[in-house]
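Fold and contact review
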Amino acid sequence: MALDTSKIAVKKLDRMMAEMELARLAAEIAEHDKLYHQDDAPRISDADYDALRRRNTEIEARFPDLAREDSPTKKVGAAPAGRFAKVRHAKPMLSLDNAFDPEDVDGFFTRVRRFLDLPTNTAVEIVAEPKIDGLSISLRYEKGRFVQGATRGDGVEGEDVTPNLRTIKDIPQRLTGDVPDVIDIRGEIYMLREDFLALNEARVKADEPVFANPRNSAAGSLRQIDSSVTASRPLRFFAYTMGEASGPVGKTHWEFLQNLKAWGFQVNPKAKRCASAEEALAFYNAIGAERAALPYDIDGVVYKVNRFDWQDQLGMVSRAPRWAIAHKFPAEQAQTKLNEITIQVGRTGVLTPVANLEPITVGGVVVSRATLHNEDEIARKDIRVGDTVVIQRAGDVIPQVVSVVLEKRPKGSKPYDFPDRCPACGSLAIREEGEVAKRCTGGLICPAQRSERLRHFVSRVAFNIDGLGEERLQLFLDKGVIEGPADIFTLRTRDGKQAAPLAEWDGWGPQSALKLFQAIDDRRRVSFERFIYALGIHQVGEATAKLLARRYGTLDAWRAAMITAAQERKANPDESKKPEKIGPEFAALCDIAGIGLNMADDIAGFFAEKHNLDALNALEKAGVEVEPVEIVQAPADSPVAGKTVVFTGTLQTRTRQAAEAQAEKLGAKVAGSVSKKTGYVVIGADAGSKADKAKALGVAILTEDEWLKLIGET
Ligand code: IVH
């Protein structure tokens with residue numbers, strides 16, 4: 001077994017272990033950065049994330065020469081996700097170093113004085129401001145007009161979200177007063193807690209996934225392709241710093257804040273000048289006491305050296321200015337008893353352990369349940385029923401179990417035994433290689449998955465049946481009139497009779513029944529890709545559904561091919577590496593760019609289950625019609641058919657996505673990383689390591705022009 005370096009104390013690491021651990025941390029932190037910045041779906045708390053970064057910094061401090069090129073200390077956030085045009089910030093958008101206790105804050109003041117060569121008794125005035133838990137953006141104003149706005153991205157390049165920012169009322173389109181000709185105003189986009197809760201409530205009603213916290217909700221709302229969606233979300237903005245500026249903006253940060261207000265921006269009214277570290281700490285404590293009562297989430301206080309001339313002298317180091325520091329609040333924690341661990345079964349059959357707690361108030365909210373994530377997490381923290389546990393809310397609605405208070409562990413307690421069977425249907429629960437989750441294999445026969453799967457089936461992106469939301473669906477399930485998806489389409493008439501005497505039920509009348517039947521009829525004909533997505537096959541999201549639809553064209557063709565693929569797979573369970581050795585149909589499935597072996601296994605696996613085939617037949621019998629799609633086939637003379645192509649860097653003539661889609665249309669396989677099998681690497685501006693790797697491997701490298709020539713575009 002490989003050595004697990006993650007639990008070894010920093011001071012005990014030898015050189016080799018440190019190298020391994022730095023590599024592991026770089027990958028793990030990058031993954032969390034992506035989850036946080038691009039997917040708006042963080043998986044760990046800010047405190048856990050900070051701990052990972054701190055560990056990385058500490059190891060680098062011990063072994064400076066081992067610091068990696070891709071070290072988290074050299075990066076801010078994650079690179080932009082690619083849906084929006086990129087914007088290069090005129091000045092990089094920095095991050096802040098963190099202080100966790102008064103000593104760290106003292107250290108900050110000491111460093112500032114030392115750097116400025118000031119005697120220890122010189123007062124260093126700072127401005128203290130609440131640290132808003134939102135997302136930072138940069139707004140460019142030219143001659144007082146708002147011209148462009150971008151997210152932070154990786155600090156160097158962000159995403160152009162100008163049209164979306166124009167919908168936010170706190171962002172002035174025109175500035176008033178004496179403003180430099182060119183200025184980048186920076187600050188935080190956030191959402192009020194009450195607005196976040198109302199939005200989530202509406203999302204539950206509309207059968208849409210809820211946001212975990214106001215921050216994710218603000219980020220998700222800002223990064224919308226359709227700006228009318230952003231316009232419908234109550235986003236707000238506080239201005240607090242600047243990027244490039246062509247003229248003076250004040251002599252101090254405080255003056256600058258007053259100017260911001262005069263120009264038309266919202267500035268946090270709590271910002272305060274402090275003459276000393278003691279005053280700064282008093283401010284921190286006061287804001288901390290007020291924290292739960294504030295209408296928005298904050299995760300600390302930012303201290304900024306007030307004098308701009310001092311800020312200029314202090315400059316920055318790696319990713320953060322020397323003139324500012326974020327004094328973080330500890331996550332809101334409490335201790336309580338873990339009464340029971342229950343297992344929830346999700347739509348795709350994932351078994352999620354949930355801690356049922358003795359109710360307790362944390363950060364102003366009564367908590368009685370917390371997520372335990374998965375089997376490994378329980379084992380790692382050795383969480384047992386009856387334990388007293390420390391729980392914490394890190395801005396999220398659902399709290400986490402941080403640790404066990406071992407001194408309070410009752411005698412005779414036993415480690416938790418994670419079940420092997422699904423609590424909802426009794427089917428075997430298995431854990432696939434490389435996955436953390438255990439999954440029920442019961443599919444549509446599992447009642448837990450049934451309601452989730454049906455909910456998914458009728459959801460907006462799938463069959464999109466109006467008037468069949470969560471509540472009504474549950475009612476039909478409870479009454480036993482719907483068991484599988486096909487039953488939805490026989491609600492009006494089943495075996496010659498009305499399946500559900502709706503008009504006789506409480507709260508229903510002939511009108512509402514008719515309306516629902518009509519809504520169902522309207523959706524009896526469905527596009528092939530919606531149909532595929534609706535099936536809820538593990539790993540098959542909208543994008544994959546589209547790929548499958550375009551490749552197979554009709555439900556019949558797809559089903560026949562997948563049944564064969566499933567048989568091929570069954571006959572060759574061990575050939576886990578090479579699809580072509582498994583069989584032609586299975587290989588053809590894996591051949592679709594974007595579908596790997598693992599996903600192919602899930603798709604073929606769906607067709608290996610009789611109950612799924614029955615469900616498909618039943619849908620057709622109930623009158624569901626799947627519209628065929630034109631099969632997208634590469635032209636016979638395509639010069640790139642079958643070749644694997646990697647695009648890297650910024651293209652000039654089209655977005656990377658458009659270029660990739662075009663390559664796929666021409667029969668090329670688009671990949672994300674370079675290997676010996678890569679046919680071409682197409683490099684745009686600022687291409688990085690992928691171009692280097694292509695060179696090293698002797699893979700053909702094309703400029704954008706050469707690529708366009710190759711595919712006959714110029
Ligand atoms: S100043 C160069 N002030 O915290 C310094 N940042 O951890 C730029 N933040 O990226 C940041 N409230 O997203 C500053 N009053 C405030 C802030 C604040 C929230 C965020 C911001 C920044 C992050 C750094």
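The notes below deal with the structure included here. (Residues numbered from 1 in each chain as written. Predicted model: local features only at pLDDT ≥ 70, side-chain atom pairs only at ≥ 80, totals over all residues. Heavy atoms only, no water.)

On to the site of the ligand. Lining the immediate surroundings of the ligand are 13 residues, of which E129, I132, E188, Y240 and K304 lie closest. Note that an oxygen atom of the ligand is positioned 2.8 Å from one of the side-chain N or O atoms of E188. Taking K304, its side chain carries an N or O atom lying 3.0 Å from a nitrogen atom of the ligand. At the level of secondary structure, the elements contributing two or more residues to the shell around the ligand comprise β3 (126-132) and β10 (298-305). Examining the composition of the shell around the ligand, we find that 4 residues originate from one element, β3, more than from any other. Of the residues that constitute the shell around the ligand, the class distribution is 7 nonpolar, 1 polar and 5 charged. (Near = heavy atom within 4 Å. Polar contact = N/O pair within 3.5 Å; in protein donor to acceptor, adjacent residues only side chain to side chain. Helix = DSSP H or I, 4+ residues; strand = E, 2+ residues; numbered from the N terminus. Nonpolar A, V, L, I, M, F, W, Y, C, P; charged D, E, K, R; others polar.)

As a further point, take the pairing of β10. Within β10, 8 of the 8 residues are buried, leaving the element largely enclosed by the surrounding structure. Taken together, the 7 bridges between β3 and β10 define a ladder with antiparallel strand orientation. Opposite P130, over in β10, you have V301 as the bridge partner. In the sheet, β10 pairs with strand β13 (residues 324-328) via 5 bridges, with the strands oriented antiparallel. Paired with K304 across the strands is A324, a residue of β13. (Buried < 20%, exposed > 50% of the residue type's maximum accessible area, 1.4 Å probe, protein only. Pairing = 2+ DSSP bridges.)

Across all of its chains, the model carries 21 aromatic pairs by this definition. Between Y416 and F418, the aromatic rings sit 6.2 Å apart at their centres with planes inclined by 90°, giving edge-to-face as the arrangement. Classification of Y416 as partly exposed rests on a relative accessible area of 23%. Pairing W558 with F607 gives two aromatic rings, centres 4.9 Å apart and planes at 85°, and the pair type is edge-to-face. On the criterion of sequence distance, the pair formed by W558 in helix α17 (residues 555-571) and F607 in helix α20 (residues 597-607) is long-range, its members being 49 residues apart. Under the relative-accessibility criterion, W558 is labelled buried at 0%. With relative accessibility at 3%, the residue F607 sits in the buried group. Taken together, the ring pairs in this structure connect Y141, F146, F237 and F265 into an aromatic cluster. (Phe/Tyr/Trp six-rings, centres within 6.5 Å; stacked < 30°, edge-to-face > 60°.)

Our next topic: the side chain of K304. Residue placement: K304 occurs in strand β10. For K304, the residues in contact, after removing those within four places along its chain, are E125, I126, V127, E129, Y240, H253, W323 and A324. (Contact = heavy atoms within 4.5 Å.)

Taken together, 5 strands build an open sheet; the order of strands is β2-β13-β10-β3-β9 and the sheet is mixed. Edge positions in the open sheet fall to β2 (98-99) and β9 (272-274), since each of these has one partner strand only. Two elements, β3 and β9, share 3 bridges in a ladder whose sense is antiparallel. By the bridge assignment, I126 is partnered in β9 with C274. Where helix α3 (residues 102-116) meets the sheet, it contacts β2, β3, β10 and β13, and its direction lies at approximately 175° from that of β13. (Axes fitted to C-alpha atoms, helices over the stretch in contact; angles between N-to-C directions.)

Now for a negative patch on the surface. A contiguous patch of negative charge, built from E103, D106, E125, E278 and E279, is present on the exposed surface. Elements with a contribution of two residues or more to the negative patch: α3 and α9 (277-290). Here D106 lies in helix α3. Taking relative accessible area as the criterion, D106 reaches 41% and is therefore assigned partly exposed. (Patch = residues over 30% accessible without salt bridge, like charges linked within 9 Å, V, L, I, M, F, W, Y side chains within 5 Å. Areas by Shrake-Rupley, 256 points an atom, 1.4 Å probe, with all protein chains shown as cover. Salt bridge = Lys/Arg side-chain N within 4 Å of Asp/Glu carboxyl O. Lys, Arg positive; Asp, Glu negative; His and termini not counted. Charge placed at Lys NZ, Arg CZ, Asp CG, Glu CD.)

With respect to the element layout, I132 can be found in strand β3. Residue I132 is classed as buried on the basis of its relative accessible area, which comes to 6%. The spatial distance from the C-alpha of I132 to the C-alpha of Y552 is 49 Å, given a sequence separation of 420 residues. Residues in contact with I132, not counting those within four places in the same chain, are E188, Y190, F238, N268, Y296, D297, I298 and D299.

When the charged atoms of two side chains with opposite charge come close together, those side chains can pair. Within this structure, the stated rule accounts for 37 salt bridges. Here R409 makes a salt bridge to D387, at a shortest N to O gap of 2.8 Å. Placement of the pair is R409 in the loop between β18 (400-404) and β19 (429-430) and D387 in the loop between α11 (375-381) and β17 (388-393), with a sequence separation of 22 residues. Residue D387 is classed as buried on the basis of its relative accessible area of 0%. For D556, the salt bridge is made with R559, and the minimal N-O distance between the two is 2.9 Å.

The grouping of L3, M16 and M20 at the surface amounts to a nonpolar patch, some 270 Å² of accessible area in total. On the secondary structure map, M16 appears in helix α1 (residues 15-38). By relative accessible area, which is 52% here, M16 ends up exposed.

With that settled, consider unusual backbone geometry. Even without a glycine there, the phi angle at K143 is positive, about 50°. Inspection of the secondary structure puts K143 in the loop between β4 (135-142) and β5 (145-151). We note that N464 has phi near 55°; this positive angle belongs to a residue other than glycine. Note on placement: N464 falls in the loop between α12 (447-458) and α13 (470-479).

As a further point, take the packing of α3 against α9. Taken N-terminus to C-terminus, the directions of α3 and α9 make an angle of 140°; their axes are 10 Å apart at the nearest point. Considering their axes alone, α3 and α9 lie oblique with respect to each other. Crossing hand, α3 versus α9: right-handed. From α3, P102, V105, D106 and F109 reach across to α9, where they touch A277, A280 and L281. (Parallel < 35°, antiparallel > 145°, perpendicular 65-115°, else oblique. Left-handed = near helix turned anticlockwise from the far one by under 90°.)

This part is about helix α16 (residues 542-552). Of the positions making up α16, those classed as buried are T544, A545, L547, L548, A549 and Y552. Tucked into the core, α16 has its buried residues touching α15 (528-534), α17, α19 (584-590), α20 and α22 (656-665). Of the residues trailing α16, G553 is marked for its positive phi of about 80°.

Moving on, we come to the sheet that holds strand β25 (residues 680-683). Reading across from one edge, β24-β23-β25-β26 is the order of the 4 strands in this open sheet, with parallel pairing throughout. If you trace the sheet from one side to the other, it starts and ends with β24 (669-671) and β26 (700-703), each paired once. Averaged over all neighbouring strand pairs, the angle between strand axes comes to 30°, with direction disregarded. Two strands pair when backbone bridges link them, and β25 and β26 are joined in this way by 4 bridges, in the parallel orientation. Residue V681 lies in a different strand from β26, and its bridge partner there is I701. Taken strand by strand, α22 contacts β23 (644-648) and β24, and its axis lies near 170° from that of β23.

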